[in-house]
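A structural walkthrough
Here is what each chain is made of, one letter per residue.
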Amino acid sequence: MTRLTVNGRVRVFRGHPFTRLVDVLREGFGLTGTKEGCGEGECGACTVLVDGQPVMSCLVPVCQVEGRRVETIESLGGLERLDPLQKALLEEGGAQCGICTPGMVMTAHAWVRRGGSSRPAAIREALAGNLCRCTGYQHIVDAVARVVRERDRRRGDAKRPSRATSRTARRTGRHR
Amino acid sequence: MKKKRSGVLRPEGPDKLRGLARYVDDLPFPGGLHGATLRSTVPRGRIRAIRFDPDFPWDECVTATAADIPGQNCVALIEEDQPLLADGEVRHAMEPIVLVAHAERHRVYEALGHIHVEYEPLEPVLSMEDALEAKVPVRAPDNVIKRISIDKGDVDGALAGADVVVEGEYRVPHQEQAYIENQGMTARFEEDGTLLVEGSLQCPYYVQKALVRAFALPKEKVRVVQATTGGGFGGKEEYPSMVAGHAALLARKAGRPVKIVYDRTEDMVATTKRHPARVRHRTGLTREGKLVAQDIDVLMDGGAYATLSPVVLSRGALHATGPYECPNVRVRACMVATNTPPNGAFRGFGAPQTLFAAELHWERIAGALKKDALRLRRLNLVREGSETATGQVLHESVGARDVLEAVVRRGRYSEKKREYARWNRSRRHPSWRGIGVSVCHHGAGFTGSGEAFLASRVALALTRKGEIRVLTSSTEIGQGTIAAFTGLAARTLGVPEEWVTIERADTGLVPDSGPTVASRTCMIVGGLVERAAQRLRERILESTGRMPSTRAEMVREARRLCGREPALRVEEQYTHPPEIRWDEETYRGDAYPVYGYGATVVDLEVDRTTFEVRVRRLTTAVDVGRALSPRLVEGQVMGGVTQALGYALLENADYHDGVMQNPQLTNYLIPTALDTPPLDVMIVQRPYSRGPLGAKGVGELPMDIPAPAVAAAVHDATGLLLTELPILPERILEAFSSDPAHRQR
Amino acid sequence: MRGAPETMRVLRPRSPAEAVRLYGRHPEALPLAGGTDVMVSWNAGLLNRRTVLDLSPLREWSRIRRTRAGLVVGALATHARIRDDARVRAAFPLLAEAASVIGAAAIQNRGTLGGNIANASPAGDSFPPLAVYEAVVHTISPDGERRSRFLNVFEGPKATALRPAELIAAVELPFLPKRPTRQIFRKIGTRAAQALSKTVAAGLLWLDGKGRVEELRFALGAMAPTVRRLRTAEAFLAGQRLTPATVDRAVELLGEDVAPIDDVRSTGAYRLAVSRALLGGFLRG
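Moving on, we get to the overall build of chain C. Looking only at helices and strands, chain C features 11 helices and 14 strands. The C-alpha radius of gyration of chain C comes to 19 Å, within 12% of the 19 Å expected for a compact globule of 285 residues. Dimensions of chain C, computed from C-alpha atoms along their principal axes, come out at roughly 65 × 45 × 30 Å. Counting every position in chain C, which comprises 285 residues, the buried fraction comes to 60%. Long-range pairs, those at least 24 residues apart, make up 63% of the contacts in chain C with a sequence separation of at least 6. When the accessible surface of chain C is summed, it comes to about 11000 Å², and 49% of that surface belongs to carbon and sulfur atoms.

Each helix and strand counted, chain B has 20 helices and 27 strands in total. Here chain B has a C-alpha radius of gyration of 26 Å; the compact-globule value for 745 residues is 27 Å, and the two agree. For chain B, the C-alpha atoms occupy an extent of roughly 75 × 75 × 50 Å along the three principal directions. Relative to all contacts within chain B whose residues are 6 or more apart in sequence, the contacts with residues 24 or more apart total 81%. On chain B, roughly 25000 Å² of surface is accessible, and the fraction owed to carbon and sulfur atoms is 47%. Across chain B, the 96 positively charged side chains and the 96 negatively charged ones have centroids separated by 7 Å.

On the side of chain C, 26 residues touch chain B, which itself brings 26 residues to the contact. Of the roughly 2200 Å² buried where chain B meets chain C, counting both sides, 56% is carbon and sulfur surface. Its largest share of buried area at the contact with chain C, chain B owes to H106, L669 and E730 of chain B, together 25% of the area lost on that side. Counting across the interface, chain B meets chain C through six salt bridges. Its salt-bridge partner being E110 of chain B, residue R49 of chain C comes within 3.8 Å of it at the nearest N-O pair. At the surface where chain B touches chain C, the tally comes to nine residue pairs in polar contact (both at pLDDT 80 or more). Secondary-structure elements contributing two or more residues to the side of chain B that touches chain C are helix 2 (105-112) and helix 20 (729-738) of chain B. For the side of chain B that touches chain C, the residue count by class is nine nonpolar, seven polar and 10 charged.

This prediction gives chain B a mean pLDDT of 96; 98% of its residues lie at or above 70. Considering only residues more than four positions removed or in separate chains, one finds that residues 1-5 of chain B, a stretch of pLDDT under 50, has 17 contacts.

To continue, consider the domain arrangement of chain B. All names here are of chain B. Taken as a whole, chain B is organised into domain 1 (14-114 + 183-261), domain 2 (277-447 + 586-738) and domain 3 (450-573). For domain 1 and domain 3, the distance between their C-alpha centroids amounts to 33 Å. Carbon and sulfur atoms supply 51% of the area that domain 1 and domain 3 bury against each other, a total of about 1400 Å² over both sides. Taken as a group, Q202, Y205 and Q226 account for 43% of the area that domain 1 buries against domain 3, more than any other trio of residues on that side. Along the contact surface separating domain 1 from domain 3 lie two salt bridges. On inspection of domain 1 and its partner domain 3, the count reaches 10 residue pairs in polar contact (both at pLDDT 80 or more).

A few words now on helix 1 (residues 21-28) of chain A. Residue and element names in this part refer to chain A. Of all eight residues making up helix 1, six are buried, and the element is well covered by its neighbours. By the burial criterion, the buried members of helix 1 are L21, V22, D23, V24, L25 and R26. Positive phi shows up at G30, right after helix 1, with a value of about 70 degrees.

Residues and elements named next belong to chain B. Applying the stated rule across the entire model yields 97 salt bridges over all chains. Residue E133 pairs with K135 through a salt bridge whose shortest N-O separation is 3.0 Å. Overall, the relative accessible area of 69% leaves K135 in the exposed class. With a shortest N-O distance of 3.0 Å, D680 and R410 are connected by a salt bridge. Placement of the pair is D680 in strand 27 (residues 679-684) and R410 in helix 11 (residues 400-410), with a sequence separation of 270 residues.

Residue and element names in this part refer to chain B. As summarised here, the arrangement of the seven strands in space is 3-5-1-12-9-10-11, forming an open sheet in which the pairing is mixed. Among the strands making up the open sheet, the edge pair consists of strand 3 (62-64) and strand 11 (222-226). On average, adjacent strands in this sheet sit at an angle of 20 degrees to one another, irrespective of strand direction. For strand 1 (residues 33-39) and strand 5 (residues 96-102), the ladder comprises six bridges, and the chain directions are antiparallel. Across the sheet, G35 pairs through a bridge with A101, a residue of strand 5. Running over the sheet, helix 2 touches strand 1, strand 5 and strand 12 (258-261) and is turned about 25 degrees from strand 1. Contacts from helix 5 (residues 204-215) reach strand 9 (184-189), strand 10 (195-199) and strand 11, with the element oriented near 150 degrees to strand 11.

Our next topic: the nonpolar core. Ranked by internal contacts, the top residues of the largest apolar core, which has 142 residues, are L604, V710, I727 and I732 of chain B together with F218 of chain C. With sequence-adjacent residues up to four places away left out, F218 of chain C is seen in contact with V132, I184, A201, A202, G203, R228, R229, L230, E234, L279 and F282 of chain C. I99 and V144 of chain A together with A21 and V62 of chain B belong to the second-largest nonpolar core, a separate cluster that totals 91 residues.

It is worth spelling out the sheet that holds strand 23 (residues 594-607) of chain B at this point. Hydrogen bonds between backbone atoms are what pair the strands of a sheet, whose relative direction is either parallel or antiparallel. All names here are of chain B. Reading across the sheet, the four strands line up as 16-23-24-27 and stay open at both edges, with mixed pairing between neighbours. Each having just a single partner strand, strand 16 (431-444) and strand 27 make up the two edges of the open sheet. Sheet twist, expressed as the mean angle between neighbouring strand axes with direction ignored, is 15 degrees. Two elements, strand 16 and strand 23, share 14 bridges in a ladder whose sense is antiparallel. Its bridge partner lying in strand 23, H442 is registered against G596.

Each value, and the rule that gives it
Residues numbered from 1 in each chain as written. Chains lettered and ligands numbered in written order. Predicted model: local features only at pLDDT ≥ 70, side-chain atom pairs only at ≥ 80, totals over all residues. Heavy atoms only, no water. Helix = DSSP H or I, 4+ residues; strand = E, 2+ residues; numbered from the N terminus. Rg over C-alpha atoms; globule rule 2.2 N^0.38 Å. Buried < 20%, exposed > 50% of the residue type's maximum accessible area, 1.4 Å probe, protein only. Contact = heavy atoms within 4.5 Å. Areas by Shrake-Rupley, 256 points an atom, 1.4 Å probe, with all protein chains shown as cover. Lys, Arg positive; Asp, Glu negative; His and termini not counted. Charge placed at Lys NZ, Arg CZ, Asp CG, Glu CD. Buried area = accessible area lost by both parts, 1.4 Å probe. Salt bridge = Lys/Arg side-chain N within 4 Å of Asp/Glu carboxyl O. Polar contact = N/O pair within 3.5 Å; in protein donor to acceptor, adjacent residues only side chain to side chain. Nonpolar A, V, L, I, M, F, W, Y, C, P; charged D, E, K, R; others polar. pLDDT = per-residue confidence, 0-100. Domains from an automatic or database assignment. Pairing = 2+ DSSP bridges. Axes fitted to C-alpha atoms, helices over the stretch in contact; angles between N-to-C directions. Core = buried A, V, L, I, M, F, W, Y, C linked by side-chain atoms within 4.5 Å.

Next comes the structure, spelled out in structure tokens:
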């Protein structure tokens, strides 16, 4: 028996503790919004947030998230309402076939929430673990940048540098 | 020309963004079994015996072999050479032999490990050159699946008289579609004996045709429904018929629903890929650079069965010249069979292979003539009134020059070429920089008389609730069919988009509008939607005098119009314009109703230490006639060029003994957000008179263009002409090492 | 997905002591940290019917501690934690940089330093930095605690010198005696992100006041069955000035310590040429 919080609700999974989180969510709790694309931690379609951080749920046995806070795509927006990120992705054309979309949205959601920057290069780096074969990423990057800018405007701190620094920036400073 | 985001938002978008869209593996599946496939481990051999471990509890499982197939053991497509399950002989590794189903997903894989197939190995043919030599016959009579010849003028005479003759050979490898949703299908038999399959697919009526044959059922007893589909790119054109047949066979034996969903490795190792090809050019030109003769030899590897290879070859051959006018052309194209998993449809469908050669060949020609490749293209590019290799006169909507000039300007091609020449002279810079251009055409719709044979149908229904339903078998696989048809129907009818619903692709509900392939959805099926909408509008206007402007008014009118029927239905069928003529025997005439055009400028750098290539910017222009929704067109173009960048630089399907050695996304690398440069897309509109609102096809065009521009840019940067894809750093190093005369590091 | 949960036995110790005890009783168990390698194999059906020792509850082992002599990175510290830790970034920047290029963010949030070492991939991205920082690996087993020099932990591809029922508890990074004159970390992947390495390099160089090499430490990954220090080149350069001739010689000597092979990710020739160019570029400054 494994107890965890999923989208704000305490849930109990009665199956085997080595069941993968992706299967617990999809088959155990009927939350089929989380997708499985490769089963090797490579495509990012199964990305969910654990304690606010993106992880690939195909690589997590449920026993490892006992007592943790899990967020899935179903936590965003509502039946009739889209979250600002979902809305921006719809309007910018960031979702095509849609199979990578839930994982992409969760990665981007974590980025926006923890203060990620609106610089395209930084966003690209943040999304680099989520493969998309349809869009060429441009519209996705545009949508995320737009939401970050909206966030910064709301907070009135558009001039303040973002907290999460870009690893690209750090890497380009490397010695050659 | 404009770059503006407008057009219909995807009606299905919100569900996808909320995770509510149901893909095949998300469908409720009570009481169902999970199916899996035992595949051959040798590239060619006779099956001596199939043994089931006696200790394994087989009573928990359902198994099926070729002997269980009630109808004909084939996946019916163009030919009927491919068995649904191998019987007696295997012709490629990873060929399906036995199916197993079990209530527990992982138990089914365990069961596979307890089945043993004994083979008598036969000598395989693994390369296209060996196949062509035909020392080992693997397909009667000469290992050739299809040959195509295109002849125009007197090539030998023209070559003899040419000022310059330039030769070159180019090679392209397999490419995996790498849709993020793997293949998957569910099947069950309903009480009245109807076989119902639902899954991830592009062409419901192809699946129906295959199942009718394999299960010896009448058409009405086979219903095929598309679930939300997570990408296709051609990879879900023919292979879903195989998966559906397997699931159905197990369901029939089990008397229960069966689901087969491939995992990534199985999908990559077993399903179809883009055809590898070798293309040779011998080109005669005047001293000024005007084409006088193109002699082109195309060889493609079809794999073990015909699948769609004959038509892939056809499209490859028809695009082999590039978008240029030349008085004397000879194309000899040949598709051979090898003992490797069959290749099949993938966005571009033969054209990216031959266009890579045609476009990169200009770099060689430019070198031989000491002239700029861009100027040479301008001299030879097709225009309105040009005659193609098949004798087709291009009457209208020829945007070749527009797209080329657009990218050259926006991509600052000439300035950068000069700038980079200076940059590359300094050894202090950590990279070499280069810029490359390419331009291409892509025939919209089926080749030749294909559309006439298909005779596609579309229906529109006005329901009693005042709702307009569009009934087509064209599938939404990410490209925006739903949005495009919604917009088209609403605009033509003069009603709000919210009143229009696109019926799901279900052979029980929608007529056969042909497959969702060949960039035909918008132009051909969209054209039928437009015509049906016009007729429905006329019917409504006849009765009401004007189009209802409120929903309440529409419901009132709809009730009146429907009378006792649940809906007022109008149907349209494709009629082939009589002036579009094609001779399949001689390959003369109008190969396609019209062509889309695209051009791209690739700006990149090559690291001087590691030879890694980084694309800095990619500028593309497409002529799609008229963009029904610029946002959707932009999305298609960006996705297509990114797949092409993968083709050019990363995607390296590694085959040994007829098996892909890297069937994981860890080892077969597709571009991430960091590998993809900022993409700049321009839409050029040269309307086509027969397209809906002037639209031509768009889906495949962007896949055709970037690879040769990448190779040209690498050439510009390093002085090395790499004629084989992908252009890996290892290959650049190798080229440097084997050619010490080149620029020293 | 070919892993079968109900064939698995999961041991979940609540403390390091319990972990050691349990492992001692079940030496056949497979220790599980962040799961970024183990779960890939499990998904492929290669690890069914195994006993798993889940180390994730051991919070004590995920900390990064500072001692007088250096930093002690708990075996369960994630790549993300190492990447973001200010102390690591200040004193051991090459390790922080390596942590930032392992997989993508979602992998860095799960993968751990100890797991990485135990997995013993020849291409482990954190290994060349650990090799040049001369890390010490703390292990613990029912027989007691042990300290090993980092390079001695590896025996071959996917093979460590860990004894039965021995767990990696922490990795100790001794502070450098003084700031290096030059340093380098470079990963050559197969694409820009989320890629396994074709070759990965880390280097530290100290020059004395007269421009002579006081010390060079240079390590390469994916160039041999295990990560390698370039001992021959390092020894040759000690006390030498970096002239075109000595640099060329050092670059030549690189071949004494590595022997890269052709595999699905690259070729031996490419790996050799690129790592030579990296070393040469680093030495030339």
